[in-house]
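What follows is each chain in one-letter form.
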Amino acid sequence: MPVLVTVAILAALVIAFFIFSSLLTDFLWFKQLGFANVLTTQWIASAVMFFIGFLAMAVPVYVSIDIAFRFRPVYAKLNSQLDRYQQVIEPLRRVVVLGVPIVLGLFAGIASSTSWQVALQWLNRTPFGTTDPKFGLDVGFYVFSLPFYQGVVGFASAVVLISGLAAVATSYLYGALRFTGREVRISKVARIQLAITAAVYLLLQGVSLWLDQYATLTQGANKLLTGVTYADDAAGIPGKQILALAAAIVAVLFIVTAIIGRWRLPVIGTAALIIASIIVGGIYPWIVQRFQVEPSERTVEAPFIENNIDATREAYGVADVEEETYDAQSDAEAGALAGDAVTTANIRIIDPALVTDAFAQLQQYRQYYSFPEQLSVDRYTIDGNTQDTVIAVRELNTDQLGASATPYNTTFVYTHGYGVVAAYGNQRSADGQPVFLESGIPVTGALGDADEYEPRIYFGQESPAYSIVGGNGENDIELDYPSGSNDNGTNQTTTFEGDGGPTLDNPFKKLIYAIKFQSEQIFLSDAVNDESQILYDRDPSERVQKVAPYLTIDSAPYPAVVDGKVVWIVDGYTTTRNYPYSKPQALSDAIADTYTERPTYASNEINYIRNSVKATVDAYDGSVNLYAWDTEDPMLKTWQKIFPSTLTPLSEMSVDLMQHVRYPQDMFKVQRAILGTYHVTDSDSFYSSDDAWVTPNEPTSTATTPPLQPPYYLTLQLPDKDPAFSIYSTYIPQQSGENARNVLTGYLAANADAGSTPGEVADSYGELTLLTLPRTDTLPGPGQVQNNFNTDTAVANQLALLTRGDTSVVRGNLLTLPVGGGLLYVQPIYVKSTSETSYPVLQRILVSFGDQIAFEDTLDGALDELFGGNSGATAGDNGVPTTDPATEGDGAGDGEADGGDTGTTDPGTTDPGTGSGTDNAALDQALADAQSALEDRAAAYADNDLVSAAEADARLQTALEDAVAASGQ
């Protein structure tokens, strides 16, 4: 026995030490970052809530058991079975009497501790200044107070119920409550105890029902809309009030029973309450809904629909959206783009989702560097002009080290990435590669050289789990960047000089971090000294989430070169599900699209969102700044009271940083989802859903269930507005089945440019503009335009040439721009070799306006071709020489640094896809045969004649082979 006790004590001490070391490492991390008060506030709040929950459960249960036992009948005659129970329990009675309340208290305390945010928000609540149309209460009551009150009542009900069950069990075990046939005998003390317990429980249910009437304003399940409906107003809410009063009356009857000892009245009252709840709470509202509402639903629900529309638009920040009718033209006339010179010059032809491989092949340099799958779009002022750019940081990827991935290397040597790589969004080289404005190792370019800003990336989205840095200044061991041609094969090394993580300045810290990361290297290595720092939790989103646990973090942080350093800009949202009358939606579903995966289960419902915080994370030292962006947000004000001194005033945001702040994409996605339905403000039209819109599916996707098309950032000029860096998306009718139409109904854009005034956001920032197209117009939507591109015979001929041999065509993002009085579609076409180290090379540009299509080497040439020979404006790639697809090489993007053999410059060759002739008669004939075969194949498929379609396919293949032969390949 002593040995077992000793082992148990030692095990407990080991577990306690592990818990303590985990808490200490958390504290050291927060302290180093300057947010220790955030962690201690959480600890204190959680601890207080734990003890409140523990005592609120343990004490009543203990008192209930103790009263039932203390006042048990001394000489009660028990049956043999109860005697056996007593014999078993009596030796352990003290343990049970104390143990049961303690165990229940522990569970209750743990459950309560998780509600610290609800409690702190209630204690520090801030009015919204807006009242609901039903009860006239401030919205803050529903957001902050109601969840807290409902939580308290629910917890108290559970405590009373468990205490009552404990009293019943004890009374029965010791004879105060006996069942003899059909007769129930109960002692006086047990009667009083159980009756009072029942009375308290019913009073709590009455309070819960009373609160439920307010909760109706945030409920939307199985109803036409979120909030109060006609049936709720006429029957549901009055029914809850009646039932609350009835529960209070029955509770009084139980008090009477405790005094006079007769159970008939509370039993009858309880039965009546159950019947009333069925009739008043269920049947009557159903009757009202079935016989009053449904026959005239559109009319009777009209004022309630209006409440829902107004609240939803306000909660999602779209109440002030500017709606304009856009009577789009469909005829591409010469000079039509003269008034859209800025938009035309900034049309982005570099797809940030397709050029990752090009960035990797041209700028990766070593296998241990990598770029993200989806690059970011930002803008920079270069030579006095604002330039849209595609940008990424060159991050460290230790997974590619192979045999070099030793613990020493991954901890002390390979510690950081290096440099920013950025390309012009509107330019391409003659061979289809991105035109870099910042590149190389060491970095050089328009954004600054290595001596002008700090290029080292110690904190990023792909950084190792942990690194130990900064302790080897006299003997640099951290790989800075690989050797160049003039470095005699010697890699450059460095030592971290910032303040990026807790210092390992004593053996105890080394021990606890060795335990945390399960690595003895931390404790034993001679590379660790008193100056060493350990860097971990290095993802920028994770760092912001930890220091601001009340925020919902945007899914797309992006890098920017700001004030002599690389920073990650992270958008943070305050959200709630408790805004009255506002329609809820799952955030993860709303933001899901081509670049953001949809989760299997979406549980993060919201019905209010504000982009209240702009955060930055220094890519070198990991420091976090939280800027209070939406200072009018009541939720942010509440959290500022909870975590004082953690937010930086907007006035301290530098001009350089302000110029790179953009309107966040996740918030825009949420707003576009809401505006698909809630752009309609007329209750009759809203009810009929006769003008509901949806975001179109990704037009280039071949999946059975394609994702939604993502919004895109680019500089554009909306009608009657100045050019601005913006984010936009489109709408098509909300239809399905055979009647579904992929025609454009709306165009939503948000001004994403915060301006350049220190500490002051531009008035135009965040302005939402919704261009609505007349219902009589049938302008093609993205899906229909993509189909037109795919089925156009001239385009198909050229694409067939581009896909010959070992190459394939990759279609880029399909952009939609409101220019020339209509809508211009632009899609870059990339060619990629099938070789292992290939990358997509931009070869052609597809454009469409109305029902007209052009397909040229450059955007500038395509626009001129589309608009009668002269578009009236110049695109960013106007200086790129044109090429003949019939003479292009088949090794597009083979992994040489120069991009491989991607084409032969031939400015004088006429494009065969436009119907013009060439100097090669055999090639002309082959192309004509190919076009004829395509037309025959389309006709055969239309007639469901598979035999003829196969014959046409064979002729098409022969014609393409002849074309390749005629081109001299």
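Residues numbered from 1 in each chain as written. Predicted model: local features only at pLDDT ≥ 70, side-chain atom pairs only at ≥ 80, totals over all residues. Heavy atoms only, no water.

A.B. asks: Got a minute to help me understand the packing of helix α1 (residues 2-33) against helix α2 (residues 36-70) in this structure?
C.D. replies: In helix packing, the relevant descriptors are the interaxial angle and the interaxial distance, both defined with respect to the helix axes. Packing of α1 against α2 brings their axes to within 7 Å, and their N-to-C directions diverge by 140°. In terms of their interaxial angle, α1 and α2 are classed as oblique. Along the contact surface, α1 presents Leu-23, Asp-26, Phe-27, Phe-30 and Lys-31, while α2 presents Ala-36, Val-38, Leu-39, Thr-40 and Trp-43. Across the contact of α1 with α2, the residue classes break down as seven nonpolar, one polar and two charged. (Axes fitted to C-alpha atoms, helices over the stretch in contact; angles between N-to-C directions. Helix = DSSP H or I, 4+ residues; strand = E, 2+ residues; numbered from the N terminus. Parallel < 35°, antiparallel > 145°, perpendicular 65-115°, else oblique. Contact = heavy atoms within 4.5 Å. Nonpolar A, V, L, I, M, F, W, Y, C, P; charged D, E, K, R; others polar.)

A.B. asks: Just to check I follow, could you spell out the side chain of Thr-576 for this structure?
C.D. replies: For Thr-576, the location among the structural elements is in strand β19 (residues 565-576). Reaching out from Thr-576, the side chain makes a polar contact with the backbone nitrogen of Asn-578 at a distance of 3.1 Å. (Polar contact = N/O pair within 3.5 Å; in protein donor to acceptor, adjacent residues only side chain to side chain.)

A.B. asks: Looking at this structure, I do not really get helix α17 (residues 540-547). What am I missing?
C.D. replies: The complete set of buried residues in α17 reads Pro-540, Ser-541, Arg-543, Val-544 and Val-547. All buried residues of α17 project into a common sector of 165° when viewed along the axis, lining one side. Two or three places before Ser-541, at the opening of α17, Asp-539 has a side-chain oxygen 2.9 Å from that residue's backbone nitrogen. (Buried < 20%, exposed > 50% of the residue type's maximum accessible area, 1.4 Å probe, protein only. Arc of directions from axis to C-beta.)

A.B. asks: So what exactly am I meant to see when it comes to the confidence of the model for the chain here?
C.D. replies: In low-pLDDT regions, the fine details of the predicted coordinates are not to be read closely. Scored by pLDDT, the chain has a mean of 88; 90% of the residues are at 70 or more. Scored below 50 in pLDDT, residues 885-892 makes 39 contacts in the model with residues more than four places away or belonging to other chains. (pLDDT = per-residue confidence, 0-100.)

A.B. asks: Before we go on, may I ask you to explain a negative patch on the surface in this structure?
C.D. replies: On the surface, a cluster of negative charge is made up of Glu-306, Asp-310, Asp-682 and Asp-690. Tracing the backbone shows Asp-682 in the loop between α21 (665-678) and α22 (683-688). On the accessibility criterion, Asp-682 (43% relative accessible area) is partly exposed. (Patch = residues over 30% accessible without salt bridge, like charges linked within 9 Å, V, L, I, M, F, W, Y side chains within 5 Å. Areas by Shrake-Rupley, 256 points an atom, 1.4 Å probe, with all protein chains shown as cover. Salt bridge = Lys/Arg side-chain N within 4 Å of Asp/Glu carboxyl O. Lys, Arg positive; Asp, Glu negative; His and termini not counted. Charge placed at Lys NZ, Arg CZ, Asp CG, Glu CD.)

A.B. asks: Any chance you could explain the sheet that holds strand β11 (residues 444-445) here in plain terms?
C.D. replies: Sheet strands associate in pairs through backbone hydrogen bonding, adopting either a parallel or an antiparallel arrangement. One open sheet holds the five strands; their spatial order is β5-β6-β9-β10-β11, and the pairing between them is antiparallel. Two strands close off the open sheet at either side, each with one partner strand: β5 (376-382) and β11. In this fold helix α13 (residues 356-363) packs onto β6 (385-393), β9 (420-428) and β10 (434-439), with an angle of close to 60° to the strand it touches most, β10. (Pairing = 2+ DSSP bridges.)

A.B. asks: Would you mind going over the nonpolar core with me for this structure?
C.D. replies: Within soluble globular proteins, side chains that are nonpolar tend to cluster in buried spots. Counting 136 residues, the largest nonpolar core has Leu-626 and Tyr-663 as the members making the most contacts within it. Element by element, the count of residues in this core is highest for helix α6 (residues 139-173), at eight residues. In this structure Tyr-663 touches Phe-668, Gln-671, Tyr-713, Ile-727, Ala-750, Asn-751, Ala-752, Tyr-765, Gly-766 and Leu-768, once residues within four positions along its chain are discounted. (Core = buried A, V, L, I, M, F, W, Y, C linked by side-chain atoms within 4.5 Å.)

A.B. asks: Teacher, can you tell me more about the packing of α6 against helix α7 (residues 188-215) here?
C.D. replies: As a packed pair, α6 and α7 sit with axes 9 Å apart at the nearest point and diverge in direction by 160°. Judged on the interaxial angle alone, α7 and α6 are roughly antiparallel. Regarding α6 and α7, the two cross each other, and that crossing is left-handed. Residue composition of the contact of α6 with α7, by class: 19 nonpolar, eight polar and one charged. (Left-handed = near helix turned anticlockwise from the far one by under 90°.)

A.B. asks: Please explain the environment of Gly-755 as it appears in this structure.
C.D. replies: If you trace the backbone, Gly-755 turns up in the loop between β27 (746-751) and β28 (768-772). Each C-alpha atom of the pair Gly-755 and Asp-656 lies 9.9 Å from the other, and the pair is 99 residues apart in sequence. Those residues in contact with Gly-755, other than ones at most four positions away along the chain, are Met-658, Gln-659 and Ala-762.

A.B. asks: What should I look at first to understand the pattern of salt bridges in this one?
C.D. replies: For side chains bearing opposite charge, pairing can occur when the charged atoms are close. In this structure the tally under the stated criterion is 23 salt bridges. By sharing partners, the salt bridges in this structure join Glu-322, Lys-721 and Glu-767 into a single network.

A.B. asks: I tried to follow the packing of aromatic side chains on my own but got confused; where do I start?
C.D. replies: In this description, a pair of aromatic rings is defined by centroid distance and the angle of the planes. By the definition in use, this model includes 45 aromatic pairs. Summarising the aromatic geometry, the rings of Phe-359 and Phe-436 are spaced 5.2 Å apart at their centres and angled 65° between planes, so their arrangement reads as edge-to-face. Taken together, the positions of Phe-359 in helix α13 and Phe-436 in strand β10 put the pair 77 residues apart, joining distant regions of the chain. Between the NZ or CZ atom of Lys-134 and the centre of the ring of Phe-135, over which it lies, the distance is 5.9 Å. The ring of Phe-291 has Arg-290 sitting right over it, with the charged end atom 5.8 Å from the ring centre. (Phe/Tyr/Trp six-rings, centres within 6.5 Å; stacked < 30°, edge-to-face > 60°. Lys NZ or Arg CZ within 6 Å of the ring centre and 35° of its normal.)

A.B. asks: Is there a simple way to think about the side chain of Ser-519 in this case?
C.D. replies: On the secondary structure map, Ser-519 appears in the loop between α15 (507-516) and α16 (521-524). Excluding its chain neighbours within four sequence positions, the residues that come into contact with Ser-519 are Tyr-466 and Ala-514.

A.B. asks: How should helix α4 (residues 93-113) be read in this particular structure?
C.D. replies: Structurally, the α-helix is built with 3.6 residues per turn, so residues lying three or four positions apart point the same way. Here α4 is 21 residues long and its end C-alpha atoms lie 30 Å apart, about the 30 Å a rise of 1.5 Å per residue gives. At Gly-99, α4 shows its largest kink, close to 25°, and the proline Pro-101 lies no more than four residues downstream. Looking at α4, one finds that the buried residues are Arg-93, Val-97, Pro-101, Gly-105, Ala-108, Gly-109, Ser-112 and Ser-113. (Expected span 1.5 Å × (residues − 1). Bend = angle between axes of the 7 residues up to and from the residue.)

A.B. asks: I tried to follow the pairing of β28 on my own but got confused; where do I start?
C.D. replies: Taken residue by residue, a regular strand's side chains alternate between the two faces of the sheet. With five of five residues buried, β28 lies mostly within the body of the structure. Bridge count for strand β3 (residues 322-325) against β28 is four bridges, and the pairing is parallel. Bridging across to β28, Glu-322 finds its partner in Thr-769. Judged from the five bridges that link them, β27 and β28 form a sheet pairing that is antiparallel. The residue of β28 that forms the bridge with Gly-746 is Thr-772.

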